[in-house]
Amino acid sequence: MKLALKTDDDNVIPAAHNTHVNSLLPSFLHSFFCFQFHFMASLPSVVIGNTTKLESEFKRRTANFPSVDKRNNCSSNSLDKAFDASNLDFTEIQSSSSTYVSLLQKCVQNNSFQQAQTIHGQIVKSGTQQDLFVMTSLVNVYGKCGAVEAARKVFDHMSKRNVVTWTSLMSGYVHNSQPEAAIQLWIQMLENGSYPTNYTIGVVLNACSALLDVKMGKQVHGYVLKYGLEDETSIGNSLCNLYSKCGGYLESAMKAFWRIGERNVISWTTIVSACGDNGDSAAGLGLFSAMLEEGIEPNEFMLTSVLSLCCTMHAIDVGMQVHSLSIKTGYEFNLRVTNSILYLYLKIGLLTEAKKLFDGLEKVSLVTWNALIAGHAQMMDAAESSLVASRNGFEALDMFLRLQRSGLKPDLFTLSSILTVCSNLVALEQGEQVHAQAIKVGFLSDVVVGTALVNMYNKCGSINKASKAFVEMPSRTLISWTSMITAFAQHGLSQHALDLFDDMRLAGDRPNMVTFVGVLSACSHAGMMDEGLSYFKMMKNEYKITPVMDHYGCIIDMFVRLGRLEEAFDFLKTMKMEANEFIWSLLVAGCRSHGNLELGFYAAEQLLCLNPKDHETYTMLLNMYVSAGRWKDASKVRKSMKDEKVMKLKDWSWISIKDKVYSFEADDKSCYQCEEVNVLLRDLLEKSRNLGYEWKENEEKPAEDKEARVHHSEKFAVVYGLLKIEKPAVIRVVKSTSMCRECHSFIKFVSVLTEREIMVRDGKRLHRFDDGKCSCGDFGVM
Ligand SMILES: [Zn+2]
Ligand SMILES: [Zn+2]
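Counting restarts for each chain, with residues numbered from 1 along the sequence as it is written. To label them, take the chains in the order written and letter them from A, then take the ligands in the order written and number them from 1. Since the coordinates come from a predicted model, pLDDT governs what is reported: local features require at least 70, and pairs of side-chain atoms require 80 or more to be given and counted, while whole-chain, interface and lining totals use all residues.

A. Inspection of the overall build of the protein at higher detail. Secondary structure elements are taken from DSSP: a helix is a run of H or I of four residues or more, a strand is a run of E of two residues or more, and numbering for both begins at the N terminus. Summing up its helical and strand segments, the protein has 40 helices and 6 strands in all. Remark: C-beta atoms are placed from the backbone, and a residue is labelled buried if 20 or more other C-beta atoms sit within 10 Å of its own, exposed if 12 or fewer do, or partly exposed between those counts. When each of the 782 residues of the protein is scored for burial, the buried share is 47%. With C-beta atoms placed from the backbone, a contact is any residue pair whose C-beta atoms sit within 7 Å. Long-range pairs, those at least 24 residues apart, make up 64% of the contacts in the protein between residues at least 6 apart in sequence.

Below is the structure:
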């Protein structure tokens, strides 16, 4: 989360300075005056003379002004009530310049260019357009209302200008994202012989920050040094901000900060977030406590800056202290602050704390909901087991329902993170509801949501719906093309994937690294060796993409599936990096299938070197030795498993039916007790055996009594799904660990016997069983 520091004119002004100024002045002129007061000490007398003159004249003109409430929400005087420039009867209003200035100020509050134009017309009619104050005010107001071109026109036609006029226009340019023009004007002003005020310098420094123009910024800094203004709070703050924004100038920012005579909370906030932005969060936290020691109370910007530092540093203790400090200083119900605290808690994984905070909130914004939902989605990825992950996922779904009930409308961010949650949960029904919701709130045309839908349908195993969502997208990005290509490849629809890749290139979109992973895996699924190798070449030569592990993995997978194991090993040797676990496990699986045990043992040992605690690899190696009849080696493996204290991952599977999730463990006792499940499981086992399904030796519980052996969790989940989900819906199961060969083979038989499509997403990949075949081509099992 990046923090945007507010650098509005009002915020740059140190509050203490305002006390000098007549409280009856309209607020925008406050700004000019308080800086001019400060200027007197350091600038040539001509300026001082001007300023004093301006000030006394202004006092005279504004003596009868109604006070303007700074909160902009008070309409306590008659002028406010009467004000609507479109039907204003100027004959009734005394057309003095002070009235115009006051009316113009109202236009800023209403952000109404039109009203300003109407008043402008009246000013011209009444012949007041020679009045420096009125016209300067007009320049300022046009700039603030987003009409800087109009401001420029007025400026160009003025016969007299003072520093306030120049500054107003500069400020208008910065306000309207034209910082170059502001800098041009600054140069012009100096050439014109006008002296800037502190405020002018602040504006030009902000322009430099916006342009990240540190060179120009340093020139202005030189000017500041020349006139000895470095210790001025507002100027110091702007300098500090400039060096922070430009990146890599943290030291200069620090210097500017320490030279400020009276550091206010804005100065401290600027330097603290500078530390965060420039990668020195620890220094930022140090400065924060230094500020507290000086007795300066933090404001909301400071609190959010510090909280984001805590996030980066995972400094939960400090974060909690900041939390209690925020309560003490009255920010308990400040949305920005509470959102930051919530975000921190979620980032660290303190879900209970986060929810407690959330439930105690008076008002909840969409940002808060989004933080909470995204936080839970993030926790899913970080969860230590898939069961915990699914709990977080369902928590997120629950949040989403509550959000909808609260009457707030989800936005793009909400929809895409909840769709990710549905994907990870393989919760198709919920995903479809979100799809409907996206249509309702009108975000369907958004490419981010469209892509998230494609991904969700793909992960939930519904390739037809994924491709429908893709086709319905009005525009496509690299990511959406890539998602769809990958989806086709994962579902074994290789030709579709390759055709789509051609479409993508025809549409003029440039594929990236990830796109090629999809393309290559499509080739490997279909055993299209020549095509695969030519795409690999195309990627390197035509698109100048350096192959990464995943690309090598696809090619090796391709060789392995075709039984060309020696070539796979040769290709592995050409890699510019050390092969990872995935590649070695592909080789192990291939060697087992094609009966090349020597290479298989070699690969399995490499795999164990990379991950000496991996239970699945041990089991695989064990099974390999057992099936080769090498009992001695098998017992060696058992011994080293004991020595290494290899922990078995808990085998869990779950299936979501309607709004509920049912989870199963291996040898699930409750399932044996459930007559329905037990009967169907036995029946399917019996029928499969008649069709040729064999129970091979299973190493986890070697026993003579076949019925006493372990049934892995997915068997129960699938059987339960068959009982509860009506045809022709697909049975979708998620499993925490990898499927074993035995269950894999069993479910292939089940798909024939029941004529159902069954999908199991295990710890490593997606298996889609249909009519006795699996989309993984039997290469994805232990
Ligand atoms: Zn199994
Ligand atoms: Zn499979």
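Continuing now.
B. Layout of the pairing of strand β3 (residues 731-735). The buried count for β3 comes to 5 of 5 residues, which makes it a mostly enclosed element. We call a crossover right-handed when, viewed with the strands running away from us, the connection from the first strand over the helix to the second turns clockwise. With helix α40 (residues 741-753) bridging β3 and its parallel neighbour strand β4 (residues 758-761), the resulting β-α-β unit is right-handed.

C. Up close: the sheet that holds β4. A pair of strands counts as paired when DSSP detects no fewer than two bridges linking them. In spatial order, the strands read β2-β1-β3-β4-β5-β6; together these 6 strands make up an open sheet with mixed pairing. Each of the sheet's edge strands pairs with one partner strand only, and the pair in question is β2 (660-665) and β6 (773-774). Note that strand β1 (residues 652-657) and β3 share 2 bridges and pair antiparallel. By the bridge assignment, Trp-654 is partnered in β3 with Val-734.

D. Spatial organisation of the packing of helix α21 (residues 366-382) against helix α23 (residues 412-425). Where α21 contacts α23, the two axes come as close as 9 Å, and the packing angle between them is 25 degrees. When the interaxial angle is binned, α21 and α23 end up roughly parallel. Viewed along their axes, α21 and α23 form a crossing whose handedness is left-handed. Residues Trp-369, Asn-370, Ile-373, Ala-374, Ala-377 and Met-380 of α21 form the contact with α23, whose participating residues are Phe-413, Thr-414, Ser-417, Ile-418, Thr-420, Val-421 and Asn-424. Residue polarity follows a fixed list, in which Ala, Val, Leu, Ile, Met, Phe, Trp, Tyr, Cys and Pro are nonpolar, Asp, Glu, Lys and Arg are charged, and the others, Gly among them, are polar. Tallied by class, residues from the contact of α21 with α23 come to 8 nonpolar, 5 polar and no charged. Axis lines are fitted to C-alpha atoms, over the contacting stretch for helices. Their N-to-C directions set the angle, which ranges from 0 to 180 degrees. Roughly parallel covers angles under 35 degrees, roughly antiparallel covers those over 145, roughly perpendicular covers 65 to 115, and oblique covers all other angles. In a left-handed crossing the near helix is turned counterclockwise from the far helix by less than a right angle, and in a right-handed crossing that turn is clockwise.

E. Representation of the confidence of the model for the protein within the structure. Residue-level confidence of the predictor, termed pLDDT, takes values from 0 up to 100. Considering every residue of the protein, the mean pLDDT works out to 81; 85% of them sit at 70 or more. Residue range residues 1-94 is modelled with pLDDT below 50. Its contacts to residues more than four positions away, or to other chains, number 107 contacts. In the predicted structure, residues 699-708 sits below a pLDDT of 50 and forms 11 contacts with residues beyond four places in sequence or in another chain.

F. Broad picture of the environment of Ala-522. In this structure, Ala-522 sits in helix α29 (residues 513-526). With sequence-adjacent residues up to four places away left out, Ala-522 is seen in contact with Phe-488, Ala-489, Ser-494, Ala-497 and Leu-498.

G. Fine view of the pairing of strand β5 (residues 766-770). Counting buried positions along β5 yields 4 of 5 residues, so the element is predominantly enclosed. Remark: 4 residues form the turn of the hairpin made by β4 and β5, two consecutive strands paired antiparallel. Hairpin geometry of β5 and β6 is characterised by an intervening segment of 2 residues between the two adjacent antiparallel strands and by a positive phi of about 50 degrees at Asp-771.

H. Fine view of the packing of helix α30 (residues 529-541) against helix α31 (residues 549-561). Packing of α30 against α31 brings their axes to within 10 Å, and their N-to-C directions diverge by 160 degrees. Here α31 runs roughly antiparallel to α30, going by the angle between their axes. You can see that α30 and α31 cross each other, and the crossing is left-handed. The segment α30 lies against α31, with Met-529, Gly-532 and Phe-536 engaging His-551, Ile-555 and Met-558. Grouping the amino acids of the contact of α30 with α31 by side-chain chemistry returns 4 nonpolar, 2 polar and no charged.

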